[in-house]
Amino acid sequence: MDPIPVILDTDGGVDDCAALWFGLTSPAIEIVAITCVAGNVNAAQAARNVAKVLKAAGRSDIPFSIGADQPLGPGPAIPGDLPVHGSDGLGDAGIPDAALDPTTEPAIELILRLVDARPGELTLVAVGPFTNVALALRSEPSLAGRVRDLVVMGGAAQMPGNVTATSEFNVAKDPTAAAETVAASWPRPPTMVGLDATHQATMGARELDLVAERRTPAAAFMADPLRTYHRIQSMVSEDGTVPCHDALALMAVAHPELLITEVLPVNVDTGGGAAWGMTVVDFRARSLASGSIPADLLGLAQEAFFAGKHPWRVALGADVDGFRARLNELFGR
Ligand code: BDR
Ligand code: CA
């Protein structure tokens, strides 16, 4: 099978870089371009981290570009934001800068140009705040109909948030962008890989030990950043395992069987209250799929559950063994 061509939009953190390594080494994925957005670090630093990965992977040919540095709107305060990615996004591991420059073409223009050149072919995978995606949609709303698919890491359906009681980081950082992305006219439901899935398919002690053995270029690069990431994440992990959110999202493009999904109505709370930045998933719509609603009431039920919301393929769980098997391939076993 031909590899799936992907534009990866990233905020340059540790799990972002693990995802990128997966994309660069998996025969099932072709990374066509990378666009950077502020989130874990600013967009320029995210681009520096991408450059380091591309150089180490011997893929200096892949264009990468700097995008939005400011969210489109306000978001909830994030008290006690844990420095999971260190101050440089890569765990302050001292990985030297690569002599590799981002394109002079801004990220939004790069996305639009590439999608124009290959209509219906490219999968957009966003693993940072959705600011670049929303800006591209503002500039060209028809983008939604011209990508093959959209997969995002973000949100939480049945889980609490990870930066506020209700909000996941990528959504909390720019709820306006998330709301606009959720509401765009996607012809097929995009996939939301949120905390419900990423907290199931975690890295365990064996994966972390394997990375430390540095058997592959990906492991050699990720060993130190993942050590910091794991150390800080262990403050909030109940069992010592650690999510590698963004890697799961990109892996699921190549291996959709890793996710357990349902198409459900979604919207994003942009209201400034206690649930600011929450992805609100309407589980009442499950009765539509169950076949329990009389045919003459289906239209009414559809209206009741979906009005003002948008059908997304929501990941509600993940195959932890499958995820770890793929990670182990990446890291050398
Ligand atoms: C998301 O937030 C970032 O810190 C990670 O890179 C991931 O994209 C998880 O909530
Ligand atoms: Ca990220």
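Residues numbered from 1 in each chain as written. Chains lettered and ligands numbered in written order. Predicted model: local features only at pLDDT ≥ 70, side-chain atom pairs only at ≥ 80, totals over all residues. Heavy atoms only, no water.

Asks: So what's going on with the overall build of the chain? Which residues, and what values?
Replies: Scanning the chain for helices and strands turns up 14 helices and 11 strands. In terms of overall dimensions, the chain is globule-like: its C-alpha atoms have a radius of gyration of 19 Å, near the 20 Å expected for 333 residues. If you line up the chain on its principal axes, its C-alpha atoms span 60 × 45 × 45 Å. Buried residues in the chain amount to 55% of all 333 residues. Total accessible area on the chain is roughly 13,300 Å²; 53% of this is exposed by carbon and sulfur atoms. Separation between the mean location of the 23 positive side-chain charges and that of the 39 negative ones in the chain comes to 4 Å. (Helix = DSSP H or I, 4+ residues; strand = E, 2+ residues; numbered from the N terminus. Rg over C-alpha atoms; globule rule 2.2 N^0.38 Å. Buried < 20%, exposed > 50% of the residue type's maximum accessible area, 1.4 Å probe, protein only. Areas by Shrake-Rupley, 256 points an atom, 1.4 Å probe, with all protein chains shown as cover. Lys, Arg positive; Asp, Glu negative; His and termini not counted. Charge placed at Lys NZ, Arg CZ, Asp CG, Glu CD.)

Asks: Give a detailed account of the packing of aromatic side chains, specifying residues and quantitative values.
Replies: If you walk through the whole model with that rule in mind, you get 1 aromatic pair. Consider the rings of Trp21 and Phe221, whose centres lie 5.7 Å apart with planes at 55 degrees: the pair is tilted. Linking Trp21 in helix α1 (residues 14–25) with Phe221 in helix α10 (residues 217–233), this pair joins segments that are 200 residues apart in sequence. Classification of Phe221 as buried rests on a relative accessible area of 8%. (Phe/Tyr/Trp six-rings, centres within 6.5 Å; stacked < 30°, edge-to-face > 60°.)

Asks: Describe the pattern of salt bridges, with residues and values.
Replies: The full count for this structure, using the stated rule, is 15 salt bridges. A salt bridge links Glu30 to Arg118; the nearest nitrogen and oxygen atoms lie 3.8 Å apart. Of this pair, Glu30 sits in strand β2 (residues 29–36) while Arg118 sits in the loop between α3 (107–117) and β4 (123–126), placing them 88 residues apart in sequence. Ionic pairing is found between Lys309 and Asp282, a salt bridge with its closest N-O pair at 2.6 Å. (Salt bridge = Lys/Arg side-chain N within 4 Å of Asp/Glu carboxyl O.)

Asks: If you had to explain the coordination of the calcium ion (ligand 2) to someone new, which residues and values would you point to?
Replies: Taken together, the protein donors to the calcium ion (ligand 2) comprise Asp11 (OD), Asp16 (OD), Asp16 (OD), Val127 (O) and Asp246 (OD), at separations of 2.3 to 2.6 Å. Look at where the donors of the calcium ion (ligand 2) fall in the sequence and you get D-x4-D-x110-V-x118-D. Pair noted here: Asp11 is in the loop between β1 (4–10) and α1 and Asp246 is in helix α11 (residues 245–254), with a separation of 235 residues, a long-range link. Of the two residues, Asp11 and Asp246, neither departs from the other in class, the shared state being buried. (Donors = N, O, S within 2.8 Å, 3.2 Å for Na, K, Ca; no water.)

Asks: An account of the sheet that holds strand β11 (residues 310–318) is requested, with residue identities and associated values reported.
Replies: The 9 strands are arranged β3-β2-β1-β4-β5-β6-β11-β9-β10 in an open sheet whose pairing can be described as mixed. Of all strands in the sheet, those bounded by a partner on one side alone are β3 (64–66) and β10 (279–281). Ignoring strand direction, the axes of neighbouring strands in this sheet form an average angle of 30 degrees. When strand β9 (residues 259–268) meets β11, the two strands line up antiparallel, connected through 8 bridges. (Pairing = 2+ DSSP bridges. Axes fitted to C-alpha atoms, helices over the stretch in contact; angles between N-to-C directions.)

Asks: If you had to explain the pairing of β11 to someone new, which residues and values would you point to?
Replies: As defined by bridge partners, strand β6 (residues 191–193) adjoins β11 across 2 bridges and the pair is classed as parallel. Directly across from Met192, in β11, lies its bridge partner Val314.

Asks: Give me the lowdown on the site of ligand 1, citing residues and values where you can.
Replies: If you check the shell around ligand 1, you find Asp15, Asp16, Asn40, His85, Val127, Met153, Asn162, Glu168, Phe169, Asn170, His245 and Asp246 and nothing else. Measuring from an oxygen atom of ligand 1, one finds a side-chain N or O atom of Asp15 at 2.6 Å. Here Asn162 contributes a side-chain N or O atom positioned 2.9 Å from an oxygen atom of ligand 1. About the coverage of ligand 1: the protein hides 94% of its 280 Å² of free accessible area. Counting only elements with at least two residues in the shell around ligand 1, the list comes to α1, α6 (169–172) and α11. Here the residues of the shell around ligand 1 sort into 3 nonpolar, 5 polar and 4 charged. (Near = heavy atom within 4 Å. Polar contact = N/O pair within 3.5 Å; in protein donor to acceptor, adjacent residues only side chain to side chain. Nonpolar A, V, L, I, M, F, W, Y, C, P; charged D, E, K, R; others polar.)

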